[in-house]
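# Structure assessment
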Amino acid sequence: MPRGSKRDKILNAASEIVLTQGTESLTLDAVAELAEVSKGGLLYHFSSKEALITGLVQRMDRSHKQTVEDATLSDKKKTGKWIRAYINTTFKQMEESKEISAGLLAAQAFDPELLKPIQETQKNFQNHIHNDGLDEVQAEILKLAADGLWLSEVFGLRGSNQELKKRVYNSLIKQSRKSD
């Protein structure tokens, strides 16, 4: 089995435990068992629980950052492309998987300092979004709306009205196309 796939299998198991059983159930033994690897095999890839959570955070950060950046490259309209990329990525991740949030939940519970890479990425996105040709306040409102919807999904605070979610998405994208 290639190295990367065993590492991903371990990270997937850790994500599943956080999402289904809560952060307090995230132990190296539980992850090794669910990933069907020996504890030694897990420790080869992640030397501690902190290293495992760091791995979850880094994977989420890389994925989110790359997806947003790729989306800006394919957007033909220059004004507002960063907020559209951010909104599109956020909604796509809501649809695809909650696994992306497991690292954030685990880091917040274990050691909030582990969130620094994601905080830096968000600061970078914020800078791009605020300097992307849209009114700064409007851009901030759009970002906060996307973040709020994502967090509502993560914590199960939203109903399952998919039609309404689609209409909200369309409204946010439409607003991101307006230039002042």
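Reference entry: report on the structure contained in this document. (Residues numbered from 1 in each chain as written. Predicted model: local features only at pLDDT ≥ 70, side-chain atom pairs only at ≥ 80, totals over all residues. Heavy atoms only, no water.)

## Some details on the overall build of the protein
For the protein, the count of helices and strands is nine helices and zero strands. For the protein, the N- to C-terminal ordering of α and β elements is α-α-α-α-α-α-α-α-α. In terms of its C-alpha atoms, the protein occupies a principal-axis envelope of roughly 60 × 30 × 30 Å. A burial count over the protein gives 39% of its 180 residues as buried. Within the protein, contacts between residues at least 6 apart in sequence are counted, and of these 71% link residues at least 24 apart. Accessible surface, the protein as shown: approximately 9,900 Å² in total, 51% of it carbon and sulfur. Computed over 26 positive and 25 negative side-chain charges, the separation of the two mean positions in the protein equals 5 Å. (Helix = DSSP H or I, 4+ residues; strand = E, 2+ residues; numbered from the N terminus. Buried < 20%, exposed > 50% of the residue type's maximum accessible area, 1.4 Å probe, protein only. Contact = heavy atoms within 4.5 Å. Areas by Shrake-Rupley, 256 points an atom, 1.4 Å probe, with all protein chains shown as cover. Lys, Arg positive; Asp, Glu negative; His and termini not counted. Charge placed at Lys NZ, Arg CZ, Asp CG, Glu CD.)

## Here's the deal with unusual backbone geometry
Despite not being glycine, Glu-36 shows a phi value in the positive range, around 60°. Mapped onto the fold, Glu-36 is located in the loop between α2 (28–35) and α3 (39–45). On the accessibility criterion, Glu-36 (65% relative accessible area) is exposed.

## A few points about the pattern of salt bridges
Under the definition given, this model contains nine salt bridges. Taking the shortest distance from any N to any O, the salt bridge between Asp-75 and Arg-84 comes out at 2.8 Å. Side by side, Asp-75 and Arg-84 carry an identical accessibility label, which is buried. Residue Glu-113 is joined to Lys-116 by a salt bridge in which the shortest nitrogen-to-oxygen separation is 3.7 Å. (Salt bridge = Lys/Arg side-chain N within 4 Å of Asp/Glu carboxyl O.)

## Some points on helix α9 (residues 162–176)
Across its 15 residues, α9 extends 21 Å between first and last C-alpha, which sits within 8% of the 21 Å expected from 1.5 Å per residue. What α9 keeps buried is the set Lys-165, Leu-172, Ile-173 and Ser-176. Looking down the long axis of α9, one finds its buried residues gathered within 95° of arc, a one-sided arrangement. Exposed side chains of α9 directed beyond 90 degrees from the buried face belong to Arg-167 and Lys-174. Its side-chain oxygen 3.2 Å from the backbone nitrogen of Glu-163, Asn-161 forms the N-cap of α9. (Expected span 1.5 Å × (residues − 1). Arc of directions from axis to C-beta. Polar contact = N/O pair within 3.5 Å; in protein donor to acceptor, adjacent residues only side chain to side chain.)

## Examining the layout of surface pockets
Of the pockets and cavities examined, the largest pocket occupies roughly 400 Å³. In terms of lining, the largest pocket is formed by 18 residues, of which the most central are Met-60, Leu-104, Ile-118, Trp-150 and Leu-151. Taken together, the elements giving at least two residues each to the lining of the largest pocket come down to α4 (49–74), α5 (81–96), α6 (99–110), α7 (116–130) and α8 (136–154). For the lining of the largest pocket, the residue count by class is ten nonpolar, seven polar and one charged. (1 Å grid on protein atoms, 1.4 Å probe; cavity = no way out; pocket = protein on both sides within 12 Å on 5 of 7 lines; lining within 4 Å. Points joined across faces, edges and corners; volume = space filled by probe spheres on them. Nonpolar A, V, L, I, M, F, W, Y, C, P; charged D, E, K, R; others polar.)

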